[in-house]
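An overview of the molecular structure
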Amino acid sequence: MIRLKYILQEEKASKFEPFKLPYKFDALTKAIDAETMRVHYNKHYKGYIDKLNDAVKKENIAVTMGPGMEGIRTLLGGVGQYSTKVRNNGGGFYNHTLFFENLTPTSKEPEEGLLYDMIKESFGGLEKFKDLFSDEAKMHFGSGWCWLVYDNNKLRIMTTDKQDNPIMDVVPYGGSPLLGLDVWEHAYYLKYKNDRVKYIDNFWKIVDWEVIESRLRMCVNRGYA
Ligand code: MN
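Before going into details, it helps to say that this report is about the structure given with it. (Residues numbered from 1 in each chain as written. Predicted model: local features only at pLDDT ≥ 70, side-chain atom pairs only at ≥ 80, totals over all residues. Heavy atoms only, no water.)

What follows deals with helix H3 (residues 84-101). Helix length check: H3 (18 residues) gives 25 Å between terminal C-alpha atoms against 26 Å at 1.5 Å per residue, within 8%. With 14 of its 18 residues buried, H3 lies for the most part within the structure. (Helix = DSSP H or I, 4+ residues; strand = E, 2+ residues; numbered from the N terminus. Expected span 1.5 Å × (residues − 1). Buried < 20%, exposed > 50% of the residue type's maximum accessible area, 1.4 Å probe, protein only.)

Structure follows, in structure tokens:
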């Protein structure tokens, strides 16, 4: 029996708030050191959120918060009409929330189930998928993100620049993100320096496959494209 994890919040918030980590900063050292986690969460992530709240207020954007990050998803779905500040910081908030949620100290690869089956169908198997995803992440030039997305009943790997993401209306060939990997230098430079390849290879040791499975099931149940 697969436990369903999906803990993103927003519903009762009056403004965008940081996702509360279900693990400690020093819990992911198989791949990410405590200092990187601390700076990434306390400085970068919270910085994006402060600037996003500021921009939403100054630009008088009406946001209706909802369960499962509905408010930010709606905002980003039409982000093309807003400022670069909303695009960058709204993306920064959403992307990092997904990223921090899809990490865990106790990673366990799936051996069966919907995600396992769809990965096999789309990529030929779990190891093949990890290789393809890693290659995309390693090849991405400059700051950005690598994603596994659900799109039209299929899984696909894609990358985005800066803080853009697959749910933005300004991003062609998007989808619903199931797994996100931050490939900005701030995500790994303290520990790995310029060795992005090693950071990406170690990333698989802390991936929360249960979260990915939960996101996939939500997509399938809701019929998201
Ligand atoms: Mn980051």
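The subject of this paragraph is the nonpolar core. For soluble globular proteins, the rule of thumb is that nonpolar side chains tend to be buried together. Counting 68 residues, the largest nonpolar core has Phe-129, Phe-133, Leu-155 and Leu-181 as its most contacted members. A total of 8 residues in this core trace back to one element, the largest contributor, which is helix H1 (residues 34-58). Apart from residues no more than four positions distant in its own chain, Phe-129 is found in contact with Ile-119, Phe-123, Leu-148, Ile-157, Leu-179, Trp-204 and Trp-209. (Core = buried A, V, L, I, M, F, W, Y, C linked by side-chain atoms within 4.5 Å. Contact = heavy atoms within 4.5 Å.)

Moving on, we get to unusual backbone geometry. Even without being glycine, Lys-162 reaches a positive phi, approximately 45 degrees. A positive phi angle, close to 55 degrees, is found at Lys-193, a residue other than glycine. Tracing the sequence through the fold places Lys-193 in the loop between helix H6 (189-192) and helix H7 (196-203).

What follows deals with a positive patch on the surface. Taken together, the side chains of Lys-30, Lys-191, Lys-198 and Lys-205 present a region of like positive charge at the surface. Within the fold, Lys-30 resides in the segment before H1. For Lys-30, a relative accessible area of 43% puts it in the partly exposed group. (Patch = residues over 30% accessible without salt bridge, like charges linked within 9 Å, V, L, I, M, F, W, Y side chains within 5 Å. Areas by Shrake-Rupley, 256 points an atom, 1.4 Å probe, with all protein chains shown as cover. Salt bridge = Lys/Arg side-chain N within 4 Å of Asp/Glu carboxyl O. Lys, Arg positive; Asp, Glu negative; His and termini not counted. Charge placed at Lys NZ, Arg CZ, Asp CG, Glu CD.)

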